[in-house]
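Residue-level listing of the chains:
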Amino acid sequence: MKVGVIYESTRGRTKAMAEAICEGAKSAGAECEVIDAKDFTGTTGFCALAIGSSTRMKQILPTVKRVLSELPDLKGLPAAGYGSYGWSGEAPDDITSKLMALNATIVIEQPIKAKDYPGESVLEECRNLGITLAEKCS
């Protein structure tokens, strides 16, 4: 079983967050896979998920929106939302709401958000999220 970290990124900012989440999961001894949303094929084999998107025009990017619409009932699967933004930052909150509606167990109080490129403190939050997701897998 492994942690799946799905992302869609327009400028590489959300991708950097995804990579930091996986770095944290691996540091806690879990397998982890960073997956561009366009390559995501389903939840089979994952013990936890993090789903991230940049915010564009107050919306989740289209490929992550499609992924979320195609997910089955997550039946308590540990999960979290995250993402970057330039102006308003709604996507991580909207992702978290959709994960909750799919019966995921949200593992952090608030989704992780980065204005512009994630600084070291945000990347550390991402690594800690990866550790939390890995711990939920054991």
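Structure's up top.
All values derive from a computational prediction rather than experimental measurement. (Residues numbered from 1 in each chain as written. Predicted model: local features only at pLDDT ≥ 70, side-chain atom pairs only at ≥ 80, totals over all residues. Heavy atoms only, no water.)

Q: Hey, could you run me through the overall build of the protein in this one?
A: Secondary structure summary: the protein contains four helices and eight strands in total. Counted from the first residue to the last, the protein has its helices and strands arranged as β-α-β-β-β-β-α-β-α-β-β-α. For the protein, whose C-alpha radius of gyration is 13 Å, the value lies close to the compact-globule estimate of 14 Å for 138 residues. Here the C-alpha coordinates of the protein stretch approximately 35 × 30 × 25 Å along the principal axes. Classification of the 138 residues of the protein by burial places 51% in the buried group. For the protein, long-range pairs separated by at least 24 residues make up 79% of all intrachain contacts whose partners lie at least 6 apart in sequence. For the protein, the accessible surface area stands at approximately 6,700 Å², while carbon and sulfur atoms represent 48% of it. In the protein, 16 side chains carry a positive charge and 18 a negative one; their mean positions are 5 Å apart. (Helix = DSSP H or I, 4+ residues; strand = E, 2+ residues; numbered from the N terminus. Rg over C-alpha atoms; globule rule 2.2 N^0.38 Å. Buried < 20%, exposed > 50% of the residue type's maximum accessible area, 1.4 Å probe, protein only. Contact = heavy atoms within 4.5 Å. Areas by Shrake-Rupley, 256 points an atom, 1.4 Å probe, with all protein chains shown as cover. Lys, Arg positive; Asp, Glu negative; His and termini not counted. Charge placed at Lys NZ, Arg CZ, Asp CG, Glu CD.)

Q: Explain the pattern of salt bridges here, please?
A: Between side chains of opposite charge, a pair can form when the charged atoms approach closely. Evaluated as defined, the whole model comprises ten salt bridges. For Lys38, the salt bridge identified is with Asp39, shortest N-O distance 3.6 Å. Two residues, Lys113 and Asp93, come together in a salt bridge whose shortest N-O distance is 2.6 Å. With a gap of 20 residues between them, Lys113 in strand β8 (residues 112-115) and Asp93 in helix α3 (residues 91-101) connect regions that are remote in the sequence. Residue class for Lys113 comes out partly exposed when judged on its relative accessible area of 32%. Asp93 gets classed as partly exposed once you look at its relative accessible area, which sits at 28%. Where salt bridges share partners, they join Glu23, Glu120, Glu124 and Arg127 into one cluster. (Salt bridge = Lys/Arg side-chain N within 4 Å of Asp/Glu carboxyl O.)

Q: I'm lost on the pairing of strand β2 (residues 31-36) in this one. Help?
A: Residues in a regular strand point their side chains to alternate faces of the sheet. Where strand β1 (residues 2-8) lies against β2, six bridges are found, and the strand directions are parallel. Among the inter-strand pairings, Lys2 is bridged to a residue of β2, identified as Glu31. This β-α-β element, β1 to helix α1 (residues 13-27) to β2, shows right-handed connectivity. (Pairing = 2+ DSSP bridges. Right-handed = clockwise from strand over helix to strand, strands pointing away.)

Q: I'm lost on the side chain of Ser54 in this one. Help?
A: Residue position: Ser54 is located in the loop between β3 (46-53) and β4 (55-56). A polar contact is formed between the side chain of Ser54 and the side chain of Thr14, at a distance of 3.1 Å. In this structure the side chain of Ser54 is engaged in a polar contact, spanning 3.5 Å, whose partner is the side chain of Ser84. The contact partners of Ser54, leaving out residues within four places of it in the chain, are Glu8, Ser9, Thr10, Thr14, Gln59, Ile60, Leu61, Ser84 and Ala91. (Polar contact = N/O pair within 3.5 Å; in protein donor to acceptor, adjacent residues only side chain to side chain.)

Q: So what exactly am I meant to see when it comes to the side chain of Ser84 here?
A: Within the secondary structure, Ser84 is located in strand β6 (residues 78-85). Within the local environment of Ser84, its side chain forms a polar contact with the side chain of Thr14, the two groups lying 2.8 Å apart. In this structure Ser84 touches Arg13, Thr14, Met17, Ser53, Ser54, Thr55, Ala114 and Asp116, once residues within four positions along its chain are discounted.

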